[in-house]
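The chain contents come next:
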Amino acid sequence: MGRKILDLIRAIIFNRWVLAAIVVLLFLMPSLFYAREWCQELDAFTSPLQDSVCTYLIEEKPVTNAVLLNFTQLFILIILASNWNLTGGFTGYIDFGHAVFFGLGGFATALLMGSSRWEDWPALFSDWSFWPAMLGAGIVAAIFALLIGSFTLRLKGPYFSIAMLGTLVATREIVRASSNISGGGLGLSLPVYLNRPMFYYLSLVMLLFVVNFVRWIRSTEFGSSLVAIREDEVGAEMRGINTTLNKITVFCISAFLTGLVGGMWAYMNTFLDADIAFNQNRTIDMVMMTMLGGLGTVAGPVIGSTILYWLRDVLWANFLLFHQIFEGILLIIIVLFVPEGIMGLLDKDSSGTSLNRIVKGWFKKEPEEHPRTS
Amino acid sequence: MTTEMTSNQKDQSPLLEGRGVSKYFGGLAALHNVDFAIYPGEIMGLIGPNGSGKTTLFDCLSRVQQINTGEIHFKGQEISKKKPFQVAHMGLARTFQVFRVYRKLTVLENMLLSRQWRNESIFRQLRPSHPDTDQRARELLEFLTLDHLTYEQAGNLSGGQQRLLEIGMALMPDPELILLDEAASGVNPVLINTIKDRILHLSNEQGKTFLLIEHNMEFIGDLCSRVFVLNFGEKLAEGTPEDVMTNEDVIEAYFGS
């Protein structure tokens, strides 16, 4: 019985027409915002229909800047969780410092757009317009991932996680300390550009791109090899997969996309300092949202982020003092009772995994630890 | 018959050759000054009591572990400094005593991922598996009587089926030398006969070379032309299965004096 209900839910939410309808509605939503602006500029309503529609739009305000901002933030969280899922879920390298790429992307955008407080900042890397600056942010994050990943990805299991957490904290402190570039405690101000619908559309397009990109990656041999690395890295290596190269590649891809989002977020936020750019809560969000949806699945981060974002709003509104306690309890419930997340419930045969399995893999007996077997 | 074959093979250059291979774990000598040679097309057995260094030797050959001294030559090339995936690209495949299938992937995906990788750019991996690879994987699954499980998750298979899948994954890249680590342990008698048939078929029809670790003496006797005995990391005896099984040193090592 329960199985049947789950199958029905899966059939509904993974129906391509349902998905297409959701995407179309998301694309059309800001039109209500524009329609309201248009109504407000009218001197008089010429028809009863126009009168009723415009009155509704102006008085009820179904889509405001705040609504668009909410959705933009949700989209950003989904993109970040999907990116984290590439290394954490598929490859099985639990990265507790992924926000470092987000922050670097933000700072790169700010500096490239000319917010530096340093007089000697090279003119070549200054006063760029937003689009090349955002691309530059992605590239900066990817190069940093290449440098850091070449070392940290050789570490196994918890050592990698801790090394990445250390990278995040160290980078934050270095950025804060180099105050003539980063502005230190004062932070950096970006050119102000308040256009919520533009950021809404940009994040929506990026969201669609990233989710489809992750789905495509999973369908290639490269994507399968990542799951193979998660399942058995030594075995994958001995069967001819260059595991180090594949790990570093996916880490750089993931960092590049995270850097892009960081750049967009910085421009949207118009202000940046070390604490908000390298906020470790962002990493925890990525991990929790992916775990709730299902590690190592394409749809998991999307579902998990949406539910957690909505739930957080409800908790925030109703239990302001306790909302973090509820989130902590939720995390424990996920680990204990739905280890493979929502996708694990919906799809028993998915190649998704759970944190428990990944952690068990860390402590699996490897040949070098057991010289005397046979 | 077997002795004749062996003497013929002595004229060829060995496919895999080790000279003075030693591996120490702290003060423990897992392998001490071991010499061996495997010739193309033969099935060689590797036996010895528990802890005699058989799996360590396999790990050294497939480059999971560094050897401390000595040289290993495969197809005339020194491989003791190469990485595991590079040795795999050269045509050396192995199975594992402890199952190393990718449990959350389907049986077919397991096979596809064990294809011959070569040193290709990563962009060549950014596409679904090649139809030829897919066809080869399905043929091998049929050959190993696993075709009804093609889309099952590998972790759901029984122990014997996972053994067969591991053998399939080792055969997938069309290697020249296949190292089988206890291919018959934990497998029911019917499947053991299947595995035996498949190994003989591959050896006779396709000229593949095998090195087997095995405790099942009947299995060794039926398949191998030559047997190599390790004890406490040192070579104890080498010869035909009959010679080795009547060798007093070997009997003492296995059953005590």
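These numbers were taken from a predicted model, which means no experiment stands behind them.

**Observations concerning the packing of helix 4 (residues 65-90) of chain A against helix 12 (residues 243-269) of chain A**
Residues and elements named next belong to chain A. Two numbers describe how helix 4 lies on helix 12: the axes approach to 8 Å, and their chain directions differ by 165°. One way to sum up the angle between helix 4 and helix 12 is to call them roughly antiparallel. Remark: the crossing between helix 4 and helix 12 carries left-handed chirality. On the side of helix 4, the interface is formed by Ile76, Ile79, Leu80, Asn83, Leu86 and Thr87, while helix 12 contributes Val250, Phe251, Ile253, Ser254, Leu257, Thr258, Val261 and Trp265. Residue composition of the contact of helix 4 with helix 12, by class: ten nonpolar, four polar and no charged.

**Side note on the sheet that holds strand 8 (residues 209-213) of chain B**
Residue and element names in this part refer to chain B. Taken in spatial order, the six strands of this open sheet run 6-7-8-3-9-10, and their pairing is mixed. At either end of the open sheet lies a strand with only one pairing partner, and these are strand 6 (92-94) and strand 10 (234-239). Each neighbouring strand pair of the sheet contributes to a mean axis angle of 20°, computed without reference to strand direction. Pairing between strand 7 (residues 177-181) and strand 8: five bridges, direction parallel. Counterpart to Leu180 in the pairing with strand 8 is Leu212. Packed onto the sheet, helix 10 (residues 248-255) meets strand 9 (226-231) and strand 10 and runs at close to 130° relative to strand 10.

**Digging into the interface of chain B and chain A**
Taken together, the contacts link 39 residues of chain B with 29 residues of chain A. Elements represented by at least two residues in the side of chain B that touches chain A include exactly strand 2 (28-38), helix 2 (54-61), helix 3 (84-90) and helix 4 (107-113) of chain B. Classifying every residue of the side of chain B that touches chain A gives 18 nonpolar, 13 polar and eight charged.

**Brief notes about the sheet that holds strand 4 (residues 69-74) of chain B**
Residues and elements named next belong to chain B. On the basis of which strands lie adjacent, the open sheet formed by four strands has the order 2-1-4-5 and antiparallel pairing. Lying at the two open borders of the sheet, with one neighbouring strand each, are strand 2 and strand 5 (77-78). The strands touched by helix 2 within the sheet are strand 1 (16-25), strand 2 and strand 4, with strand 2 carrying the most contacts at an inclination of about 65°.

**Re the packing of helix 4 of chain A against helix 15 (residues 300-318) of chain A**
Residues and elements named next belong to chain A. The geometry of helix 4 relative to helix 15 is characterised by a closest axis approach of 8 Å and an angle of 140° between their N-to-C directions. Overall, the two elements helix 4 and helix 15 adopt an arrangement that is oblique. For the pair helix 4 and helix 15, the crossing hand works out as right-handed. Across the interface between the two elements, Leu74, Leu77, Ile78, Ala81, Ser82 and Asn85 from helix 4 touch Gly300, Pro301, Val302, Gly304, Ser305, Thr306 and Tyr309 from helix 15. Taken together, the residues of the contact of helix 4 with helix 15 sort by class into seven nonpolar, six polar and no charged.

**Considerations on the nonpolar core**
In this structure, Ile79(A), Ala141(A), Val261(A) and Leu212(B) are the most contacted members of the largest nonpolar core, which totals 167 residues. Ranked by residues supplied to this core, first place goes to helix 12 of chain A with 13 residues. If sequence neighbours within four positions are ignored, Leu212(B) has contacts with Ile43(B), Gly45(B), Leu46(B), Leu180(B), Ala183(B), Leu223(B) and Cys224(B).

**Here's the deal with the confidence of the model for chain A**
The predicted coordinates of low-pLDDT regions are not to be read in fine detail. All names here are of chain A. Mean pLDDT over chain A: 89, with 97% of residues reaching 70 or higher. Considering each helix and strand of chain A separately, the mean pLDDT is smallest for helix 16 (residues 323-337), with a value of 84, and largest for helix 6 (residues 130-152), with 96. In the predicted structure, residues 368-374 sits below a pLDDT of 50 and forms 13 contacts with residues beyond four places in sequence or in another chain.

**Things to note about unusual backbone geometry**
In this structure, Thr270(A) is a non-glycine residue whose phi angle is positive, near 60°. The residue Thr270(A) is located in the loop between helix 12 and strand 2 (271-272) in this model. By the C-beta count within 10 Å, which is 15 here, Thr270(A) ends up partly exposed. The phi torsion at Glu182(B) lies on the positive side, around 50°, for a residue other than glycine. Summarising the element assignment, Glu182(B) is placed in the loop between strand 7 and helix 7 (189-206). You can call Glu182(B) buried: it has 21 C-beta atoms within 10 Å.

**Topic: helix 7 of chain B**
An α-helical segment advances 3.6 residues per turn. Residues three or four places apart therefore align on the same side. For helix 7 of chain B, built from 18 residues, the straight-helix expectation of 26 Å at 1.5 Å per residue is met to within 8% by its first-to-last C-alpha distance of 25 Å. Phi turns positive one or two residues past the end of helix 7 of chain B, at Gly207(B), with a value near 65°.

**Points about the pairing of strand 3 (residues 43-47) of chain B**
Residue and element names in this part refer to chain B. Where burial is concerned, most of strand 3 is hidden: five out of the five residues are buried. Judged by which residues are buried, strand 3 turns out to be covered on both faces: Ile43, Gly45 and Ile47 on one side and Met44 and Leu46 on the other are all buried. Two elements, strand 3 and strand 8, share four bridges in a ladder whose sense is parallel. Looking across to strand 8, one finds that Gly45 is bridged to Leu212. Relative to strand 9, strand 3 is paired through four bridges, and the arrangement is parallel. Bridge pairing in strand 9 places Met44 opposite Arg226.

What counts and how
Residues numbered from 1 in each chain as written. Chains lettered and ligands numbered in written order. Predicted model: local features only at pLDDT ≥ 70, side-chain atom pairs only at ≥ 80, totals over all residues. Axes fitted to C-alpha atoms, helices over the stretch in contact; angles between N-to-C directions. Helix = DSSP H or I, 4+ residues; strand = E, 2+ residues; numbered from the N terminus. Parallel < 35°, antiparallel > 145°, perpendicular 65-115°, else oblique. Left-handed = near helix turned anticlockwise from the far one by under 90°. Contact = placed C-beta atoms within 7 Å. Nonpolar A, V, L, I, M, F, W, Y, C, P; charged D, E, K, R; others polar. Pairing = 2+ DSSP bridges. Core = buried A, V, L, I, M, F, W, Y, C linked by C-beta atoms within 7 Å. Buried ≥ 20, exposed ≤ 12 C-beta atoms within 10 Å, placed from the backbone. pLDDT = per-residue confidence, 0-100. Expected span 1.5 Å × (residues − 1).

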